[in-house]
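Chains, contacts and geometry: an overview
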Number of protein chains: 2
Amino acid sequence: MDQIARRPRIADVAREAGVSKTAVSFAFNSPERLSAETATRIRVVADSLGYRPHPVARMLTQRQTLTIGVLTPQALAVIFSNPFFGAFNEGVALAAEEFGYGLHFISPLHGSLARAIGRATVDGVIAVGLSEGHPEVDQIRRAGVPIVLVDSTALPDHPSVEIDDEGGARAAADHLLGLGHRDFLVIGVEPPQSATQVDPEGVTGRRLRGYRAALAAAGIELGDDRVVVGPASVEGGVAALHRAWDDGLRPTAVLAMSDAMAIGAMRAIRELRLAVPADVSVVGFDDIDLATHTDPPLTTVHQPIRRKGEEAVRLLLSIIDTHDVTKPEHRRLETRLIVRGSTGHPPIGPVFRTA
Amino acid sequence: MDQIARRPRIADVAREAGVSKTAVSFAFNSPERLSAETATRIRVVADSLGYRPHPVARMLTQRQTLTIGVLTPQALAVIFSNPFFGAFNEGVALAAEEFGYGLHFISPLHGSLARAIGRATVDGVIAVGLSEGHPEVDQIRRAGVPIVLVDSTALPDHPSVEIDDEGGARAAADHLLGLGHRDFLVIGVEPPQSATQVDPEGVTGRRLRGYRAALAAAGIELGDDRVVVGPASVEGGVAALHRAWDDGLRPTAVLAMSDAMAIGAMRAIRELRLAVPADVSVVGFDDIDLATHTDPPLTTVHQPIRRKGEEAVRLLLSIIDTHDVTKPEHRRLETRLIVRGSTGHPPIGPVFRTA
DNA sequence: CCGGTTTGCTAAACCGGTTTGCCAGATCCA
DNA sequence: TGGATCTGGCAAACCGGTTTAGCAAACCGG
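Here's what I pulled together on the structure shown here. As the structure is a computational prediction, the values presented were derived from the model and not from experiment.

This next bit is on the overall build of chain A. If you tally the helices and strands in chain A, you get 14 helices and 12 strands. Taken over the C-alpha trace, chain A has a radius of gyration of 27 Å; the compact-globule value for 355 residues is 20 Å, which it surpasses by more than 25%. With the C-alpha coordinates aligned to their principal axes, the bounding extent of chain A is approximately 95 × 40 × 35 Å. Counting across all 355 residues of chain A, residues that qualify as buried make up 48%. Across chain A, the fraction of contacts at a sequence separation of at least 24, relative to all contacts at a separation of at least 6, is 72%.

Okay, the packing of helix H2 (residues 21-29) of chain A against helix H3 (residues 36-49) of chain A next. All names here are of chain A. Look at H2 against H3: their axes get within 9 Å of each other, and the N-to-C directions meet at 95 degrees. With respect to H3, the axis of H2 lies roughly perpendicular. Together, Ala23, Val24 and Ala27 of H2 and Thr38, Ala39, Ile42, Arg43 and Ala46 of H3 make up the contact between the two elements. Counted by class, the contact of H2 with H3 contains six nonpolar, one polar and one charged residues.

For sheets, the rule is that strands pair by backbone hydrogen bonds, running either parallel or antiparallel. Residues and elements named next belong to chain A. If you trace the six strands from one edge of the open sheet to the other, you get S7-S6-S8-S9-S10-S12, paired in mixed fashion. The open sheet has two edge strands with one neighbour each: strand S7 (227-230) and strand S12 (336-338). Averaged over all neighbouring strand pairs, the angle between strand axes comes to 20 degrees, with direction disregarded. Where helix H11 (residues 234-246) meets the sheet, it contacts strand S6 (184-189), S7 and strand S8 (253-256), and its direction lies at approximately 150 degrees from that of S7. Across the sheet, helix H12 (residues 259-271) is in contact with S6, S8, strand S9 (281-286) and strand S10 (299-302); its angle to S9 comes to roughly 160 degrees.

The next subject is the relation of the copies chain B and chain A. The operation linking the two copies of the chain is a rotation about an axis combined with a translation along the axis. Structural alignment of chain B on chain A gives an RMSD of 0.1 Å, achieved by rotating through 180 degrees and translating 0.1 Å along the axis. With respect to symmetry, the two chain copies, as superposed, fit the operation of a two-fold axis. Residues of chain B ranked by C-alpha distance from the rotation axis are headed by His104 of chain B, positioned 2.2 Å from it. Looking at chain B, 100% of its interface residues are interface residues in chain A too, so the copies touch through the same face.

Residues and elements named next belong to chain B. Taken together, the six strands give an open sheet; going across it, the order is S7-S6-S8-S9-S10-S12, and neighbouring strands pair in mixed fashion. Every interior strand has two partners, whereas the edge strands, strand S7 (227-230) and strand S12 (336-338), have only one. Sheet twist, expressed as the average angle between the axes of neighbouring strands with direction ignored, equals 20 degrees. Pairing of strand S8 (residues 253-256) with strand S9 (residues 281-286), which is carried by three bridges, proceeds in the parallel orientation. Bridging across to S9, Val254 finds its partner in Val282. Packing against the sheet, helix H12 (residues 259-271) makes contact with strand S6 (184-189), S8, S9 and strand S10 (299-302), and its axis sits at approximately 160 degrees to S9.

Right, let's talk about the protein's contact with DNA strand D for a bit. The environment of DNA strand D is made up of 25 residues, and the closest members are Ala23 of chain A together with Ile10, Ser25, His54 and Thr61 of chain B. Mapped onto the surface near DNA strand D, the elements with two or more residues apiece are H2 and helix H4 (55-62) of chain A together with helix H2 (21-29) and helix H4 (55-62) of chain B. Its residues assigned to classes, the surface near DNA strand D comprises nine nonpolar, 11 polar and five charged.

The immediate surroundings of DNA strand C are formed by 26 residues, with Ile10, Ser25 and His54 of chain A together with Ala23 and Thr38 of chain B found nearest. For the surface near DNA strand C, the elements supplying multiple residues, two or more each, are H2 and H4 of chain A together with H2 and H4 of chain B.

Attention now moves to the interface of chain B and chain A. At the junction of the two partners, chain B supplies 40 residues and chain A supplies 40 residues. Among the secondary structure elements, those contributing two or more residues to the side of chain B that touches chain A are H4, helix H5 (76-79), helix H6 (83-98), strand S2 (102-106) and helix H7 (113-119) of chain B. If you tally residues by element for the side of chain B that touches chain A, the top one is H6 of chain B, at eight residues. Grouping the amino acids of the side of chain B that touches chain A by side-chain chemistry returns 19 nonpolar, 13 polar and eight charged. As paired elements, strand S2 (residues 102-106) of chain A and S2 of chain B share three bridges and run antiparallel to each other. Each bridged residue has a counterpart across the sheet, and for Phe105 of chain A the counterpart in S2 of chain B is Leu103 of chain B.

So, about the pairing of strand S5 (residues 160-163) of chain A. All names here are of chain A. Of the strand pairs in this sheet, strand S4 (residues 147-150) and S5 are connected by two bridges, and their pairing is parallel. Counterpart to Leu149 in the pairing with S5 is Ser160. Here S5 runs beside strand S11 (residues 330-333); their pairing, made up of four bridges, is parallel. The residue bridging Val161 from the neighbouring strand is Arg331, located in S11.

A few words on the environment of Leu316 of chain B. The topology assignment puts Leu316 of chain B in helix H13 (residues 305-322). In the structure, Leu316 of chain B is positioned 192 residues away from Gly124 of chain B in sequence and 6.8 Å away in space, judged by C-alpha atoms.

A few words now on the packing of helix H1 (residues 10-17) of chain A against H2 of chain A. Residue and element names in this part refer to chain A. Axis separation between H1 and H2 bottoms out at 8 Å; the angle between their running directions is 105 degrees. On the basis of the axis angle, H1 is roughly perpendicular to H2. Packed against H1, whose contacting residues are Ile10, Ala11, Val13 and Ala14, the element H2 presents Lys21, Ala23, Val24 and Ser25 at the interface. The residue makeup of the contact of H1 with H2, split by class, is six nonpolar, one polar and one charged.

Let us now look at unusual backbone geometry. All names here are of chain A. Pro296 follows Asp295 through a cis peptide bond whose omega is -5 degrees. One non-glycine residue, His110, lies in positive phi territory at about 50 degrees. Mapping His110 onto the fold places it in the loop between S2 and helix H7 (113-119). Exposure remark for His110: the 8 C-beta atoms within 10 Å place this residue in the exposed category. One non-glycine residue, Asp286, lies in the positive phi region at around 120 degrees.

Rules used in this analysis
Residues numbered from 1 in each chain as written. Chains lettered and ligands numbered in written order. Predicted model: local features only at pLDDT ≥ 70, side-chain atom pairs only at ≥ 80, totals over all residues. Helix = DSSP H or I, 4+ residues; strand = E, 2+ residues; numbered from the N terminus. Rg over C-alpha atoms; globule rule 2.2 N^0.38 Å. Buried ≥ 20, exposed ≤ 12 C-beta atoms within 10 Å, placed from the backbone. Contact = placed C-beta atoms within 7 Å. Axes fitted to C-alpha atoms, helices over the stretch in contact; angles between N-to-C directions. Parallel < 35°, antiparallel > 145°, perpendicular 65-115°, else oblique. Nonpolar A, V, L, I, M, F, W, Y, C, P; charged D, E, K, R; others polar. Pairing = 2+ DSSP bridges. Least-squares fit on C-alpha atoms with pLDDT ≥ 70 in both. Near = placed C-beta within 6 Å.

The following block contains the structure:
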C-alpha cells in the first residue's frame, strides 16, 4: 500500500506547487528572482513535504563542498587523544568555522592514503606530518586537490606552514649549556611507519640538527648513542628514558622532542628515585597546555600550535579562492624557549666529572 | 594558448580510449565485465590523463557517502582539546575506520545546527550531548538522516548510547559517605547554551539525582546552595571551587561531574593551602587517561569512553545498513567507581561539627 | 547450417540539483 | 498606439558519474 517514504526531491516540490524546478531552486537560492507570493508559496509547500535540497547534488553543480580535509598518515584513532593534535585541530576548527567550512578527517583507507584522499569530498587538504619518505606522496600530490603541508618535509611546489624547529632546539640546548650541563640525552620522535632511518629533513632531523649545532658550539659532540627514539607519547618517553638508563647512560639533562615524551621522561626519572631538576633536567618541545601543570612545570620550547592550524586553513582557503598556485607560500612560525621548573644546574658530581 | 588544465572526466577518458563512458566506468568498478585487454588499456589511458572518478558524482549515483558525521552543539574549537572528547573520538574513529567510513565533524553553522546538518554529506550522524532543550532538536530530527544519540536526553524514537550516570554518581557519593563525610559540595557541568535551568533529564540532572539519592539514604539533604556549576574544564573547576569557598561553604568532600573540573577543584584547594585528601576529598567523573597521573591520582567514576564511541558507530551503521528504524535500540554502558588517592577520611574537625 | 547462449560493449536514462537562454505578458514612455 | 524595457517564470542543458536494457558478433551443440 503505502510505499516506503522516499526522500522528496525538487521535482516533487515543483509538481506540488505547480511550478518548474527552476522556480523551486530560485525560491531557495535567489528568491529575489521570484515574486514574493510565489517564493513563499513554494517554501510552504517544500516545508510541508519535508523537502531540503540534497547536499551532494548541490555540491556537484556548485563545484564546491565547503569542506576541508585534514590528512594524517597515522590512523585517526591515534591522533585524537594526542594533546598536540588536539590543539592543532582547535586552530584548524576555529578558522574553518569562521569561513563556514566543515572539517573532514582523512586517514589511510585500507592502508592507502591516496585512496582515502580520492574518496574524500573536500575542496582542499591540510596534510600534517607527511614526510618526503611517504610511499604515496607522489600520488597524493597528483590528486589534483589543493594541499597545504604542515610539519612536513617541504615540497617546494606546495605551500606549507612550519615552525623554526632548529632555532627552538638550539635555544633549548643553549639553556641547558648555560646552566652548566655537559652530559645530554636526546629523546626523539619515531619517524612515521618506522622508516629505517631518521629523515634529515623531517621534524626529528631538524630538531636534532639544532641540538647538535648548539652543543657543537660548546665543544660537545652528541654521539648517535645518546639519541633514543620512540613513539611520541608519555609511555614512549618513559620507555625511552629507561632504555637509555639500562644502556648505562647517566645524563644530567634530557632534551625531549615532544612534551608528552618529556613528561614520560620525568616520570621515569622519578621511578629511578631521582629528582627533576635536582638530579636531571628535562626540556620538552611544543608547550602543550598540560606543560604548565606538570610537577614540576615543564621547561619547553613553545610553538604556536593553534595558530599553526589557523594559518594552514587561511593559506589553503586563499589557494582555493584564487586558484593561484604559482609561487607557493611557505610560512614559518617562530618558536621560543619557556623556562619553567624542570631545569636547573646539574648536580655537583657531574661538574667534577667534566673537569 | 594552453587553456587552464580542466580536471579530466570520464568522457575524456572514453574518447581518448575509443570506448564508451560505460566501459570506463566498468574498468574501474567491475573490470570482469570487460575483456582483460580493454580494461587495462582503459586504465592506462586514464592514468596518463590523470583521471580519477569524481567522488561527489560517485556519491550522487551510489546514494552513499561512506562518511559519518559527528554532531556537537558546541563549536568545534571547544571540543578538540577536551580529553573526554578526545577519547570518545578515538573510539568513533576506530570503529569508523574499521568499516571504511570517514569522519565529518559538524558544528553549528552560523549558529544553526540544523543548517549545518543540511549541508553535510553524511550517511548518518552521531549526536553527542544534544539535550531535549535544544531549540533545533525538532528540525534535526526531521532532517531525515539516521541519528544515534550519545549522552543526550533520550528521544525514545531514536537509538542511543548512554551510561549509567545515576548509578555512577551514587557509587561516588556512597564511597565518600563510607569514609565518614557529611559535608558535600557538588560541582556540575553547565548546561549547554546556559539554559535557564538544569535539564533534569540531562547528564547533569541524572548525576545530581544519583548524588542526592545516596545522600538522602544517609539522611543528608543536599541543598541547591551546595551545587555550583561551570564550564566542564580545569579552569571551570578552579573557578567553581573558589566561588563556593567565597560563599562560605566548607565541605570536606567534593563531587565533581567531570574529571577536568575535579582536577581544577584540586588545584583550587591547593591554592587555599589545603591538602587533598587530608583536608578535602575529591571525586571526579569519566576517568580520563589523565586521572591516573594527577597528584594525588584521582578517585573517579569510570565510564568506557572509547567503547561508547565504538558502540555509537556500530549502532549507526547497523541502522544505515538495514534501514530498520522500528524499535530503536538503547544501549546503556556500565560505570564503576575507581578509588585512587584523592579521597580519604574527613579531618577530625568536621566530625565534631557533625556530632 | 541453424537456433540458442555467451561475450563484449554501448546508448540512454538516471541520480538531484543549478544555471543559461529565452519567452510571454505587463509596464512605460513618447 | 507602438516599440522598448522590465518582470516572472520555464525548458533544456549541464555537473560527472553509474546502471539498465539491449544489440551484434562469436561461440556452441546437434
